[in-house]
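# Secondary and tertiary structure notes
Chain by chain, the residues:
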Amino acid sequence: MRQSLAFDNSIVATDYAPPIDQLVLALKFGRRLALAPLFADMLRDAMLSDRQQTPQTLPTLLIAVPLGPQRLTERGFNQALEIAKPLACTLGIPLVADLARRSHDTQAQATLHPDARYKNMQNAFTLSHHAIHLVKEQHIGIVDDVMTTGATLNALATVLKRFGAKRVTNIVFARTSLQ
């Protein structure tokens, strides 16, 4: 069952539909890391064209949705972080790559029914002790590759708000039709 949402806004570059879905899969599972800057450029354009966004309302800090240790070892990279790096550079917004971490490995969200995704993400994230002070009163942008139900992003936003984030905006390359 869905809970109230902790994030304030979501900015999405495109729909997760053909042929975009194949590009996402190529980055995520095909190690086509050269696609990440393209995704970042499309996200930048979406952020700057969003009527609610002005240079004064852009996030003050970016993070990427962290992978669990097992998935990171299997994949060898975090696709969200690979998108966040060029996005942070092009927008001139600091990226704190190690601000959040997965407290434990979770089941792959794609394998779960939409209602089970929220339960799967309960207590999945923590903040690094050395970075907790960075969150207070900040507008945090969470970068991810795909948003389906929003359960992962909501779980991370919940932790950020608990530690004093003023605002949390999801910055997602593609959104599925389930959202």
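Conventions and cut-offs
- Residues numbered from 1 in each chain as written.
- Predicted model: local features only at pLDDT ≥ 70, side-chain atom pairs only at ≥ 80, totals over all residues.
- Heavy atoms only, no water.
- Axes fitted to C-alpha atoms, helices over the stretch in contact; angles between N-to-C directions.
- Helix = DSSP H or I, 4+ residues; strand = E, 2+ residues; numbered from the N terminus.
- Parallel < 35°, antiparallel > 145°, perpendicular 65-115°, else oblique.
- Left-handed = near helix turned anticlockwise from the far one by under 90°.
- Contact = heavy atoms within 4.5 Å.
- Nonpolar A, V, L, I, M, F, W, Y, C, P; charged D, E, K, R; others polar.
- pLDDT = per-residue confidence, 0-100.
- Buried < 20%, exposed > 50% of the residue type's maximum accessible area, 1.4 Å probe, protein only.
- Pairing = 2+ DSSP bridges.
- Right-handed = clockwise from strand over helix to strand, strands pointing away.

The next subject is the packing of helix 2 (residues 35-49) against helix 4 (residues 79-91). Between helix 2 and helix 4, the shortest axis-to-axis distance is 8 Å and the interhelical angle comes to 50 degrees. Overall, the two elements helix 2 and helix 4 adopt an arrangement that is oblique. As helix 2 packs across helix 4, the resulting crossing turns out to be right-handed. Only Glu 82, Ile 83, Pro 86, Leu 87, Thr 90 and Leu 91 of helix 4 make contact with helix 2, whose side of the interface consists of Ala 36, Pro 37, Phe 39, Ala 40, Leu 43, Arg 44, Met 47 and Leu 48. By residue class, the composition of the contact of helix 2 with helix 4 is 11 nonpolar, 1 polar and 2 charged.

Our focus in this paragraph is unusual backbone geometry. Residue Pro 18 is joined to Pro 19 through a cis peptide bond whose omega torsion reads -5 degrees. The phi dihedral of Arg 31 is positive, around 60 degrees, even though this residue is not glycine. In this fold, Arg 31 is placed in the loop between helix 1 (20-28) and helix 2. In the Ramachandran plot, Glu 137 falls in the positive-phi region, its phi being about 65 degrees despite a non-glycine side chain. Mapping Glu 137 onto the fold places it in the loop between helix 6 (132-135) and strand 5 (139-147).

Per-residue confidence for the protein chain gives a mean pLDDT of 88, with 83% of residues at or over 70. Strand 2 (residues 61-64) holds the highest mean pLDDT among the elements of the protein chain, 98, whereas helix 5 (residues 114-120) holds the lowest, 64.

A large share of strand 5 lies buried, amounting to 9 of its 9 residues. As defined by bridge partners, strand 2 adjoins strand 5 across 4 bridges and the pair is classed as parallel. Bridge assignment links Ala 64 to a residue of strand 5, and that residue is Val 143. With helix 7 (residues 151-162) bridging strand 5 and its parallel neighbour strand 6 (residues 167-175), the resulting β-α-β unit is right-handed.

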